[in-house]
Amino acid sequence: MSKSFTVGAETRNDQGKGASRRLRRAGQVPAILYGGKGEPSNITLNQLSLLTMIDNEKFYSSIINIKLDGKDQQAIVKDVQMHPAKAQVLHVDLQRVLADQPIRLHLPIHFLNQNTCPGVKTQGGQVSHLRTDIEISCLPKDLPEALEVDMIAMNLNDTIFLKDIKVPPGVTIPELATGREIPVVSIHAPRAEEPEPVADAAAAAAPAADAKAAPAADGKAAPAADAKKEGSGKK
């Protein structure tokens, strides 16, 4: 169980959009702490402290130590909302962790030997990552930081499925209960480049242009003009 992250927090009583905007202007981030045996708590976190952690992959797959009003609580990160245009955390959802209660968390997948497997190195294949994370269930003490997929034996057109992934003792993958074949990573042949359509379009357009120009060139339009002159002479 990883406890490499510690976040200071304070209880907040004011709520609403206006209160949240004031907190953000003051360098604080509104958050909620829920789950476990306690009631949901509205709290604030330090913006600068969070910004040093959110780019770390392990932040989302570790047990976070929350120092709330001087007391330690363990939690996992369930959601982080970011500002769409700047480096600012808008809101964080945290779930309390109890030692005797299983938790469900999405873990990143680390793909090993993907550039040295036969399918890529000697057969010229390309890797398709069909999954980059997997939801697992386990007790807090059994929580790994990531799942590993070793591709060392993969050849061209091979696929590794969710059922093939080895998990540590005490860890399960709830999605396997569906019984479906769920691909995680595959190696396929490179797609052949399609010919550029410019030359074909030009070739097709040339006969059409010649066909339009032909009537004027062979004088077929002349009888119509002569008929018009004859009609004016009869008047």
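### Digging into the overall build of the chain
Part 1 of the argument: Secondary structure summary: the chain contains five helices and twelve strands in total.
Part 2 of the argument: In the chain, which comprises 235 residues, the share counted as buried stands at 32%.
Part 3 of the argument: For the chain, the share of sequence-separated contacts (at least 6 apart) that also reach a separation of at least 24 residues comes to 69%.

### Regarding the packing of aromatic side chains
Part 1 of the argument: As enumerated under the stated definition, the model contains two aromatic pairs in all.
Part 2 of the argument: Judged by centre distance (5.5 Å) and plane angle (80°), the ring pair of Phe5 and Phe59 falls under edge-to-face. Taken as a pair, Phe5 in strand β1 (residues 5–11) and Phe59 in the loop between α2 (47–51) and β4 (64–68) lie far apart in primary sequence, 54 residues in all. Both residues of the pair, Phe5 and Phe59, belong to the buried class.

### Some details on the environment of Gln101
Part 1 of the argument: For Gln101, the location among the structural elements is in the loop between β6 (89–96) and β7 (103–112).
Part 2 of the argument: Residue classification places Gln101 among the partly exposed residues on the basis of a relative accessible area of 31%.
Part 3 of the argument: Along the primary structure Gln101 and Leu139 are separated by 38 residues, whereas in three dimensions their C-alpha atoms are 6.1 Å apart.
Part 4 of the argument: Other than its neighbours up to four places away in sequence, Gln101 contacts Gly36, Lys37, Leu139 and Pro140.

### Focus on the side chain of Ser128
Part 1 of the argument: Residue placement: Ser128 occurs in strand β8 (residues 126–129).
Part 2 of the argument: Polar side-chain contacts of Ser128 include one of 2.8 Å to the side chain of His188.
Part 3 of the argument: Sequence-distant contacts of Ser128, defined by excluding residues within four places in its chain, comprise Val184, Val185, Ser186 and His188.

### Let's talk about the sheet that holds strand β9 (residues 133–138)
Part 1 of the argument: Spatially, three strands are ordered β9-β7-β10 in an open sheet, and the strand pairing comes out mixed. The open sheet is flanked by β9 and β10 (147–150), the only strands paired with a single partner. Looking at each pair of strands side by side, their axes are set apart by 40° on average, direction ignored.

### Comments concerning the nonpolar core
Nonpolar side chains in soluble globular proteins tend to end up buried together.
Part 1 of the argument: In terms of nonpolar packing, the biggest core is built from 27 residues, with Ile134, Ile136, Leu143 and Val149 touching the most fellow members.
Part 2 of the argument: Secondary-structure elements contributing two or more residues to this core are β7, β9, β10 and β12 (183–188).
Part 3 of the argument: Setting aside residues up to four positions removed in sequence, Ile134 forms contacts with Leu105, His106, Leu107, Ile109, Leu147, Leu162, Ile165 and Ile173.

### What about unusual backbone geometry?
Part 1 of the argument: Phi is positive for Asp69, which is not a glycine, with a value near 50°.
Part 2 of the argument: Here Asp69 is to be found in the loop between β4 and β5 (71–82).
Part 3 of the argument: A relative accessible area of 49% means that Asp69 is categorised as partly exposed.
Part 4 of the argument: Although it is not a glycine, Asn157 sits at a positive phi angle of roughly 75°.
Part 5 of the argument: Residue position: Asn157 is located in the loop between β10 and β11 (159–161).
Part 6 of the argument: The exposure class assigned to Asn157 is exposed, which follows from its relative accessible area of 59%.

The rules we used
Residues numbered from 1 in each chain as written. Predicted model: local features only at pLDDT ≥ 70, side-chain atom pairs only at ≥ 80, totals over all residues. Heavy atoms only, no water. Helix = DSSP H or I, 4+ residues; strand = E, 2+ residues; numbered from the N terminus. Buried < 20%, exposed > 50% of the residue type's maximum accessible area, 1.4 Å probe, protein only. Contact = heavy atoms within 4.5 Å. Phe/Tyr/Trp six-rings, centres within 6.5 Å; stacked < 30°, edge-to-face > 60°. Polar contact = N/O pair within 3.5 Å; in protein donor to acceptor, adjacent residues only side chain to side chain. Pairing = 2+ DSSP bridges. Axes fitted to C-alpha atoms, helices over the stretch in contact; angles between N-to-C directions. Core = buried A, V, L, I, M, F, W, Y, C linked by side-chain atoms within 4.5 Å.

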